[in-house]
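Here is how the chains run, residue by residue.
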Amino acid sequence: MNAEVAAVRAWTASGGEFPYAEVLCAYRRWGKALVPIDLLDALSEARPHATAGLRTLLDVLLDKRDGTYDYRSYLALPLLAPHLADRDLLTVLLVADLMRFELAAADDPAGPLPVMPPDDGLVDKRLRHGLRVIRPVLDRLGWAVPVAGPGVRVEARAVWATTESALSDGQRLMLRCTVLPVDVVHDEYLFIRVLQTFEAAFAALVRDLERAAGALTDGAVCAAVNALRHAAALLREVSPLWSVVATMRVDAFRRFRQWTEGASAIQSRHYKLMESLARRPDVARLGSAAYDHVPEIRELVLTGLPSVDAAYRTATLPPEGRAAAGAAMADFAAAVDVWRRTHHRLAVRMLGAATGGTGYTGGASYLAEAREIPVFS
Ligand code: HEM
């Protein structure tokens, strides 16, 4: 019997500290898609004994076996959920950890996820883009990072050291439990962390748009403008994440993608909520695959989710207030437009124009169509 199976069975029998290290290490050794059946059996037998937090992790670990594997479980979103309210802090944790992983691979290419390790130039490029994402957030948080000399590696190591020294036990465990690649290809780590960081941004954008819609309804133009400008600035601030994910090798992506069928960001609730809060989707869009994947958001729309667009059209505003709100809406729409175009370009590069998506759409053709949907009317 493998050591991790024995450790899980011992925990089920006698309790004590759950063997996180053994289990997570085994998942990294095989990749979630190829974890041996005896470990899955042991985890499944352990699940009824688990408390709520551990049970959430076990659900995520057992998703393929349970038939519940999707975008949420792939990204371990139920484990990230309690951290989404503090977008800045979560962004630092996720991106600093991504950089730590790249630095570790540069030091030891035979470490975790050893297939297709990056060369030195690629590591430096990833660190450069990662630092572009994280610097403004560190400034806002007021974290002083003592950087001992020039060079991206020195700065990235300093960012991780500062982050690590600030981690609570809960945050440390969250970071360990939220990267569960399906394969053992190096680049999948980066892919997961980038998607999670975008999710944190979408969650923040949802809050901004809710604020903007409410403020417009109340005639509070300044508050609405601030919320919309904040949303646009945030979407622009996270755009270097596209440069990070664009460094993924196409071969690496295609290798782990064979196991990600059924997990697609088309299932992102925050993204669809953001779209619906900006403007009520047209009937055709609401009835399409886009919303089939998020039935709870479709339900919200059908039961009267307020939108910025509707609030703007119906609110009684002075002419200068209407102009200011309209300009802020146009600013946000422009940021979304850039996001969609960048995403579409990347998808074409990674998949080609004719390959379907893991969410069972036509792939690039679906994105090309979605790209043209007006953010506001
Ligand atoms: C290699 C990189 C990527 C590729 C090849 C890719 C491909 C696709 C494809 C083909 C779809 C259509 C749905 C489907 O059938 O799966 C899609 C949807 C989507 N992707 Fe990506 N994607 C990539 C990276 C990302 C990243 C980093 C994010 C950030 C969160 C993201 C967010 C989304 C969202 C929100 C949708 C739903 C869009 C909608 O329904 O209008 N994607 N992606």
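Residues numbered from 1 in each chain as written. Predicted model: local features only at pLDDT ≥ 70, side-chain atom pairs only at ≥ 80, totals over all residues. Heavy atoms only, no water.

Trainee: Any chance you could break down empty space enclosed by the protein for me, citing the residues and the numbers?
Mentor: One pass over the structure, following the stated rule, counts 2 cavities of 30 Å³ or more. What the largest cavity holds in volume is close to 850 Å³. Along its surface, the largest cavity is lined by 39 residues, and Ser264, Ala265, Ile266, His343 and Leu367 are the ones closest to its centre. Of all the secondary structure elements, the ones that give two or more residues to the lining of the largest cavity are helix 6 (71-74), helix 12 (187-217), helix 14 (240-245), helix 15 (250-257), helix 16 (269-278), helix 21 (319-351) and helix 22 (364-371). Split by residue class, the lining of the largest cavity holds 24 nonpolar, 10 polar and 5 charged. (1 Å grid on protein atoms, 1.4 Å probe; cavity = no way out; pocket = protein on both sides within 12 Å on 5 of 7 lines; lining within 4 Å. Points joined across faces, edges and corners; volume = space filled by probe spheres on them. Helix = DSSP H or I, 4+ residues; strand = E, 2+ residues; numbered from the N terminus. Nonpolar A, V, L, I, M, F, W, Y, C, P; charged D, E, K, R; others polar.)

Trainee: Please provide a residue-by-residue account of the site of the ligand, values included.
Mentor: Taken together, 28 residues are adjacent to the ligand, and Ser264, His343, Gly359, Thr361 and Tyr366 come closest. One nitrogen or oxygen atom from the side chain of Ser264 is found 2.7 Å from an oxygen atom belonging to the ligand. Lys272 has a polar side-chain atom sitting 2.9 Å from an oxygen atom of the ligand. In this structure, the ligand is accommodated by the largest cavity. Of all the secondary-structure elements, those providing two or more residues to the shell around the ligand are helix 12, helix 16, helix 21 and helix 22. (Near = heavy atom within 4 Å. Polar contact = N/O pair within 3.5 Å; in protein donor to acceptor, adjacent residues only side chain to side chain. Sits in = over half its atoms within 2 Å of the grid points.)

Trainee: An account of the packing of aromatic side chains is requested, with residue identities and associated values reported.
Mentor: Evaluated as defined, the whole model comprises 15 aromatic pairs. Relative to Phe18, the ring of Trp11 has its centre 5.2 Å away and its plane inclined at 85°; by these criteria the two rings are edge-to-face. Of the two residues, Trp11 and Phe18, neither departs from the other in class, the shared state being buried. Ring centres of Phe191 and Phe256 lie 5.5 Å apart, and the angle between their planes is 45°; this geometry places the pair in the tilted category. On the criterion of sequence distance, the pair formed by Phe191 in helix 12 and Phe256 in helix 15 is long-range, its members being 65 residues apart. This pair shows no difference in class: Phe191 is buried, exactly as Phe256 is. The structure contains a cluster of three or more aromatic residues connected by ring pairs, namely Phe198, Phe202, Trp242, Tyr271 and Trp339. Positioned above the aromatic ring of Trp30 is the side chain of Arg29, whose terminal nitrogen or guanidinium carbon lies 4.8 Å from the ring centre. Over the face of the ring belonging to Trp160 we find Arg100, whose NZ or CZ atom lies 5.7 Å from the ring centre. (Phe/Tyr/Trp six-rings, centres within 6.5 Å; stacked < 30°, edge-to-face > 60°. Buried < 20%, exposed > 50% of the residue type's maximum accessible area, 1.4 Å probe, protein only. Lys NZ or Arg CZ within 6 Å of the ring centre and 35° of its normal.)

Trainee: Residues and numbers for helix 19 (residues 295-302), please.
Mentor: Regarding helix 19, the residues found buried are Ile297, Arg298 and Val301. Looking straight down helix 19, one finds its buried side chains confined to an arc of 105°; they lie on one side. On its buried side, helix 19 packs onto helix 16, helix 17 (283-286) and helix 18 (289-292). One or two residues past the end of helix 19 sits Gly304, with phi positive at roughly 100°. (Arc of directions from axis to C-beta. Contact = heavy atoms within 4.5 Å.)

Trainee: Hey, could you go over the layout of surface pockets for me, with residue numbers and the actual values?
Mentor: Here the largest pocket is characterised by a volume of approximately 300 Å³. Around the largest pocket sit 14 residues that line it, and Arg28, Asp97, Arg100, Leu175 and Arg176 are the ones nearest its centre. Broken down by secondary-structure element, the contributors of at least two residues to the lining of the largest pocket are helix 2 (20-30), helix 8 (87-107), helix 10 (152-166) and helix 11 (169-177). With 4 residues, helix 2 is the largest single contributor of residues to the lining of the largest pocket. The residue inventory of the lining of the largest pocket, partitioned by class, reads 8 nonpolar, no polar and 6 charged. Mapping the lining of the largest pocket onto the domain boundaries places at least three of its residues in each of domain 1 (3-68) and domain 2 (82-177). By volume, the second largest pocket amounts to about 190 Å³. Around the second largest pocket sit Asp282, Ala284, Arg285, Ser288, Tyr366, Glu369, Ala370 and Ile373, which together line it. Looking at the lining of the second largest pocket, the elements that each hand over two or more residues are helix 17 and helix 22. Among the elements that make up the lining of the second largest pocket, the one with the highest residue count is helix 22 (3 residues). (Domains from an automatic or database assignment.)

Scope: geometric values only; no functional claims are made or implied.
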